[in-house]
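# Examining the three-dimensional arrangement
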Amino acid sequence: MKKIPFTKMHGCGNDYIYINAMQHPIDNPSVTAIAWSDRHRGIGSDGLVLIGASPVPEADFSMRIFNADGSEAMMCGNASRCIGKYLYERTHPWPLPVKEGNGYQETEIRLLTLSGVKILHLHIVNDIVEYVTVDMGEPVFEDETLFNPTLATSLSTPLPYREGQGGGSALFVSMGNPHYVIFTDDVDQVGETGRILENHPAFPQRCNIEFAQILPDGRIRTRVWERGSGITMACGTGACATAVAAARTGRAARKSGIVMDGGTLQIEWRESDNHVYMTGPAEFVFEGEAELLPQ
């Protein structure tokens, strides 16, 4: 069988297998994602990420993400940060301009995803990407293709928050993919409740489920049931959705530290442009070669 090189990376424990599809295309990524993501018989990961050339001039590179169950995801904040680090540290010579910052260098990548073009700001020290800030765009609170509020009345959790009406300890937020953020003192119900809610009829395309608790120091403890992958150590779009939901419901300010199982992400929902900005690390785990299954 043909072998192709891969790189395993993680952002706050949210781990994926990365393939440079510009050099090593994969014809059936869904099948490959299922096989390679298996933590007992494969490489082990939350999914597979393909880094490609952009087919449009508005972006520099493209990203496709396949969850551990083979389904294709629209967007992943942790994966996008990892792509920024991968591209800068593994692409020579670097094709995009680098400018001097406050004690560091910075470069920008326009990344095409199924949720549109996302802007990555890479913060570089000694030619190493220390952390990445991603412009995640504007949050969306109403999208009938992703959330049916009428069916939400049968959710086995408190009703969704309604602005101006008070009450409700849950909020639907789309960050290019669907999230349902539940404020609770029991974030560890993520496994039993998340599994059920992911497939609830209120979510026509299934949903990522966040369980969030406001901590005494103002940070927000969050656990995630990720659509197509189950419990994950972190979720970038989930952290953004949680911060936005906390701010919108008056539980937090527009800047929040989101404490997930794998680490903390800094989220800012700016008033100036209504965009959400996520900042966090990205790390290499290991590299190798894997057999490409028959396509």
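What you see is a predicted model; the values in this text were computed from it and never measured. (Residues numbered from 1 in each chain as written. Predicted model: local features only at pLDDT ≥ 70, side-chain atom pairs only at ≥ 80, totals over all residues. Heavy atoms only, no water.)

## Digging into the overall build of the protein chain
- Summing up its helical and strand segments, the protein chain has 4 helices and 18 strands in all.
- Relative to the compact-globule value of 19 Å for 295 residues, the protein chain shows a C-alpha radius of gyration of 19 Å, a close match.
- With respect to the three principal axes, the spread of C-alpha positions in the protein chain is 55 × 50 × 35 Å.
- The 295 residues of the protein chain split such that 54% are buried.
- A sequence separation of at least 24 residues applies to 61% of the contacts in the protein chain between residues at least 6 apart.
- Surface summary for the protein chain: the accessible area is close to 12600 Å², and the carbon and sulfur share equals 49%.
- Between the mean site of the 24 positive side-chain charges and the mean site of the 36 negative ones, the protein chain shows a separation of 2 Å. (Helix = DSSP H or I, 4+ residues; strand = E, 2+ residues; numbered from the N terminus. Rg over C-alpha atoms; globule rule 2.2 N^0.38 Å. Buried < 20%, exposed > 50% of the residue type's maximum accessible area, 1.4 Å probe, protein only. Contact = heavy atoms within 4.5 Å. Areas by Shrake-Rupley, 256 points an atom, 1.4 Å probe, with all protein chains shown as cover. Lys, Arg positive; Asp, Glu negative; His and termini not counted. Charge placed at Lys NZ, Arg CZ, Asp CG, Glu CD.)

## Regarding unusual backbone geometry
- The peptide bond linking His 92 to Pro 93 adopts the cis configuration, its omega dihedral lying at -10 degrees.
- As for its position among the elements, Pro 93 is in the loop between helix H2 (77-90) and strand E6 (98-100).
- For Arg 206, which is not glycine, the phi torsion reads 65 degrees and is therefore positive.
- Tracing the backbone shows Arg 206 in the loop between helix H3 (190-198) and strand E12 (208-214).

## Some thoughts on helix H1 (residues 29-37)
- Taken as a whole, H1 has its buried residues at Pro 29, Thr 32, Ala 33, Trp 36 and Ser 37. For H1, the buried positions fall inside an angular range of 110 degrees around the axis, keeping them on one side.
- On its buried side, H1 packs onto strand E1 (3-11), strand E2 (14-20), strand E3 (47-53), strand E4 (61-67) and strand E18 (283-291). (Arc of directions from axis to C-beta.)

## Things to note about the nonpolar core
- With 56 residues, the main nonpolar core has Tyr 18 and Ile 267 as its most contacted residues.
- If sequence neighbours within four positions are ignored, Tyr 18 has contacts with Phe 6, Thr 7, Met 9, Val 49, Ile 51, Asn 78, Ala 79, Cys 82 and Ile 83.
- Counting residues in each nonpolar core, the second largest holds 17 residues, with Leu 155, Phe 203, Cys 207 and Ile 209 among its members. (Core = buried A, V, L, I, M, F, W, Y, C linked by side-chain atoms within 4.5 Å.)

## Some points on the side chain of Thr 7
- Following the sequence through the fold, Thr 7 ends up in strand E1.
- On the accessibility criterion, Thr 7 (4% relative accessible area) is buried.
- A distance of 3.0 Å separates polar atoms of two side chains, one belonging to Thr 7 and the other to Glu 287. (Polar contact = N/O pair within 3.5 Å; in protein donor to acceptor, adjacent residues only side chain to side chain.)

Shape is all these values report; function is a separate question.
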